[in-house]
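# Summary of the model geometry
Residues per chain are reported as follows:
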Amino acid sequence: MAAGGGGSGDPLSRAGVPCAFSPQNQAYFALASTDGHLRVWETGNNRLHQEYVPSAHLSGTCTCLAWAPARLQAKESPQRKKRKSEPVGTSDQIDLLALGTAVGSILLYSTVKGELHSKLISGGHDNKVNCIQWHQDNGCLYSCSDDKHIVEWNTQTCKVKCKWKGDNSSVSSLCISPDGKMLLSAGRTIKLWVLETKEVYRHFTGHATPVSSLMFTTIRPPNESQPFDGITGLYFLSGAVHDRLLNVWQVRSENKEKNAVMSFTVTDEPVYIDLTLSENREEPVKLAVVCRDGQVHLFEHILNGFCKKPLTSNCTIQIATPGKGKKSTPKPIPVLAAGFCSNKTSLLLVYGSWFQPTIERVALNSKEPHICLIRDISNYWAPKVETALTKVRTPVMNSEAKVLVPGIPGHRAAIKPVTSQTEELESKRKLGDKEVSIEERLGAMDIDSKKGKEDLPQTNSFPVLLTQGLESNDFEMLNKVLQTRNVNLIKKTVLRMPLHAVIPLLQELTKRLQGHPNSAVLMVQWLKCVLTVHASYLSTLPDLVSQLRTLYQLLDSRVKTFQKLSHLHGKLILLITQVSASEKTKEMICPGQKAKLVYEEESSEEESDDEIAEKDSDDNWDEDEEEKESEKDEDVNEENEEEDEDSEEKDEEENGEDRDVTIEKELNGDSDLDPENESEEE
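Keep in mind it's a predicted model, so treat the numbers as computed, not measured. (Residues numbered from 1 in each chain as written. Predicted model: local features only at pLDDT ≥ 70, side-chain atom pairs only at ≥ 80, totals over all residues. Heavy atoms only, no water.)

## Overview of the pattern of salt bridges
For the coordinates displayed, the defined rule picks out eight salt bridges. Close ionic contact of K344 with E283 constitutes a salt bridge, the shortest N to O distance being 2.9 Å. Placement of the pair is K344 in the loop between strand 26 (335-340) and strand 27 (346-352) and E283 in the loop between strand 21 (270-276) and strand 22 (285-291), with a sequence separation of 61 residues. Here R512 ties to E508 by a salt bridge, and the two come within 3.0 Å at their closest N and O atoms. With R512 and E508 both in helix 8 (residues 502-513) and four residues apart, the pair spans about one turn of that helix. E508 matches R512 in its accessibility class, with the two residues each being buried. (Salt bridge = Lys/Arg side-chain N within 4 Å of Asp/Glu carboxyl O. Helix = DSSP H or I, 4+ residues; strand = E, 2+ residues; numbered from the N terminus. Buried < 20%, exposed > 50% of the residue type's maximum accessible area, 1.4 Å probe, protein only.)

Right, here's the structure in full:
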């Protein structure tokens, strides 16, 4: 079964090209190349058997294909013998090949006749057909599409038998159970349908991207003692787009267990998957997975229950060219498809190019974990561009020819007479004619010479620029995208970017986070969007820790100091608020107040005694004495205005005070007095 097919423009489209081996002994290999051609190759002698070009091979390219089962061909062959008008044939005469197109139609091609058998169009799909499955017994055809519907076709009448909605999003893959009573469909989730009632029997969830391949791996359940209802206990395999894990599920009677029981890990996204069915409990399942990197991984495992760790491949096959000479190095040759032969001991490998593939049968006898086959494909035919260019001829138009131009009836377009090449050369070679300079030619073309700021790219081109910059490591292109500050634009870009570019984007963001702090602020917004949008995809990667080890270490180192920084931040805020509050109080101006009434008390003996005690305690007694004498002079002037009787009593009090002062000064050792002070006191 091919896991490939789909447009290359869709980031969630399948990888590879639609291709499949014929069910009868793998005698033919059919592939629909990107140019819209269907080619059928003989696997025995590596020869092109047939080539078919649909009428709408450019507008409605082939997106999937499926061979009719061998059981159906064997049953229909005796019916064709009843007709006398047709020659008696074998089962090979109904080798039908169903082709799904991008416009929603399904073509049935007969490899025996080499022509189109019939078309399934009316009442079918409105969008791209993603997968086609034939029923083993009744000859019906099941198809799913991007229009969210599943259609059951009657290939005899070429009409729709039943049509129902399969999922809320596009349905990407289908698979019919071995007994023909159940149908597996997959979009974002995997559903198991009962074909008779078209009701959902089980749900399975676990893939983050659209499922690209579905197939049953066992025919009988592992526990053969219990009665078998046709579906309970069977295992089936699923692979998703941009997912390097192939999950194995088991259909159980209880509806509680919805997760995968085991998984196989590969090096890259699966492109083509083939397996051998396990018919009993002890027979292992053999699995061949072709990845996008051109390697083939072989698995051999007995499905007997739950396994926690992903299983690795038992053998890996690679093909390379021989290195001729010392300087030339061997180059890998990509493997396009691989299928087990009927004996289950040999493998058919298809490698090279899609236009001229090489088919080889390889025996699986060695037990080595890695096999490298040396093959020289330089002698094979390869299309050359030179042969195609020589066939293109430009018509020579004379002056008498008339050109019909579409538009208004009767419109005539003026035709300029075509001069021969010799006349043009002679006119150029005439003397006196000056050649037009390059500056004048550019001026005539009206090119804007104004240099302004470069406009930012549009929103639709941001995911394309981001993926191109990551693949080419273009620093300027990445800066144009990653320097945006619009959060909505960042979210839209992360949503539309392909999934295979998520890990390179995280590695680029890790590098920029370690740089300047200003750029780190922008990178944190991108990192937040990537981790929130693509969390489900990142959780499916087995080696995520090793790929993002530097990012984990960076986040741990930043988070360790966050608590200390928060404490310091709180203390600084308290200090800043206190400083600002004190500055505001200083700036406030007190209102001017003037006293309406001032009252002064008169001097008394207690005041004079207190003043003398204060002056004795000072170091500079002279300065205090002068201040005291000035105050006493003012008191004397005031007292002279009073009555004469009072003046005599005050004179006696002043003489007593002078004696006390002289006695205290003699005790202090200051017996020398200035004559000027004595006269002033007297």
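Read on for the rest.
## A word on the environment of V17
Secondary-structure assignment places V17 in the segment before strand 1 (19-21). Through-space distance from the C-alpha of V17 to that of L336 is 8.6 Å; in sequence the pair is 319 residues apart.

## Looking at the pairing of strand 12 (residues 159-165)
Walk down a regular strand and you will see the side chains alternate between the two sheet faces. Taken together, the six bridges between strand 11 (residues 149-154) and strand 12 define a ladder with antiparallel strand orientation. Its bridge partner lying in strand 12, N154 is registered against K159. (Pairing = 2+ DSSP bridges.)

## Observations regarding the packing of aromatic side chains
One pass over the structure, following the stated rule, counts nine aromatic pairs. Taking the centre distance of 6.3 Å and the plane angle of 85 degrees together, the rings of F21 and Y272 count as edge-to-face. Pair noted here: F21 is in strand 1 and Y272 is in strand 21, with a separation of 251 residues, a long-range link. The exposure classification of F21 matches that of Y272, with both residues buried. (Phe/Tyr/Trp six-rings, centres within 6.5 Å; stacked < 30°, edge-to-face > 60°.)

## Section: the sheet that holds strand 20 (residues 262-265)
Strand order in the open sheet made by the four strands is 17-18-19-20, with antiparallel pairing throughout. Pairing within the sheet leaves two strands with one partner each, and these edge strands are strand 17 (211-216) and strand 20. Here the strands of the sheet are splayed against their neighbours by 20 degrees on average, with no regard to which way each runs. Bridge count between strand 17 and strand 18 (residues 235-240): five bridges; the pairing is antiparallel. Residue pairing across strands places M215 opposite L237, the latter belonging to strand 18. (Axes fitted to C-alpha atoms, helices over the stretch in contact; angles between N-to-C directions.)

## Description of empty space enclosed by the protein
By the definition in use, this model includes six cavities of 30 Å³ or more. The calculated volume of the largest cavity comes to roughly 80 Å³. If you go around the largest cavity, the residues you meet are T218, R220, P221, P222, G233, Y235, S278, N280, R281, E283, I302 and L303. Split by residue class, the lining of the largest cavity holds five nonpolar, four polar and three charged. (1 Å grid on protein atoms, 1.4 Å probe; cavity = no way out; pocket = protein on both sides within 12 Å on 5 of 7 lines; lining within 4 Å. Points joined across faces, edges and corners; volume = space filled by probe spheres on them. Nonpolar A, V, L, I, M, F, W, Y, C, P; charged D, E, K, R; others polar.)

## Things to note about the UniProt feature "repeat: WD" (unreviewed entry) in the protein
Cross-referencing UniProt, the feature "repeat: WD" (unreviewed entry) maps to residues 122-157 in the present numbering. Counted over residues 122-157, helix gives 0% and strand 50%. Its end C-alpha atoms are 11 Å apart. (UniProt positions renumbered as here; feature names shortened; annotations may be inferred.)

## Side note on the packing of helix 5 (residues 462-472) against helix 6 (residues 475-482)
When two helices pack together, you describe them by how their axes are tilted relative to each other and by the distance separating the axes. Packing of helix 5 against helix 6 leaves a shortest axis separation of 8 Å and a crossing angle of 145 degrees. With respect to the hand of their crossing, helix 5 and helix 6 are arranged in left-handed fashion. For the pair helix 5 and helix 6, contact is made by F462, L465, L466, Q468, G469 and L470 and by M477, L478, K480, V481 and L482, respectively. Considering only residue class, the contact of helix 5 with helix 6 consists of eight nonpolar, two polar and one charged. (Left-handed = near helix turned anticlockwise from the far one by under 90°. Contact = heavy atoms within 4.5 Å.)

## With respect to the pairing of strand 24 (residues 315-320)
Strand 24 sits mainly inside the fold: five of its six residues count as buried. Across three bridges, the pairing between strand 23 (residues 296-301) and strand 24 is antiparallel. Looking across to strand 24, one finds that V296 is bridged to I317. Sheet analysis places strand 24 next to strand 29 (residues 370-374), joined by five bridges and oriented parallel.

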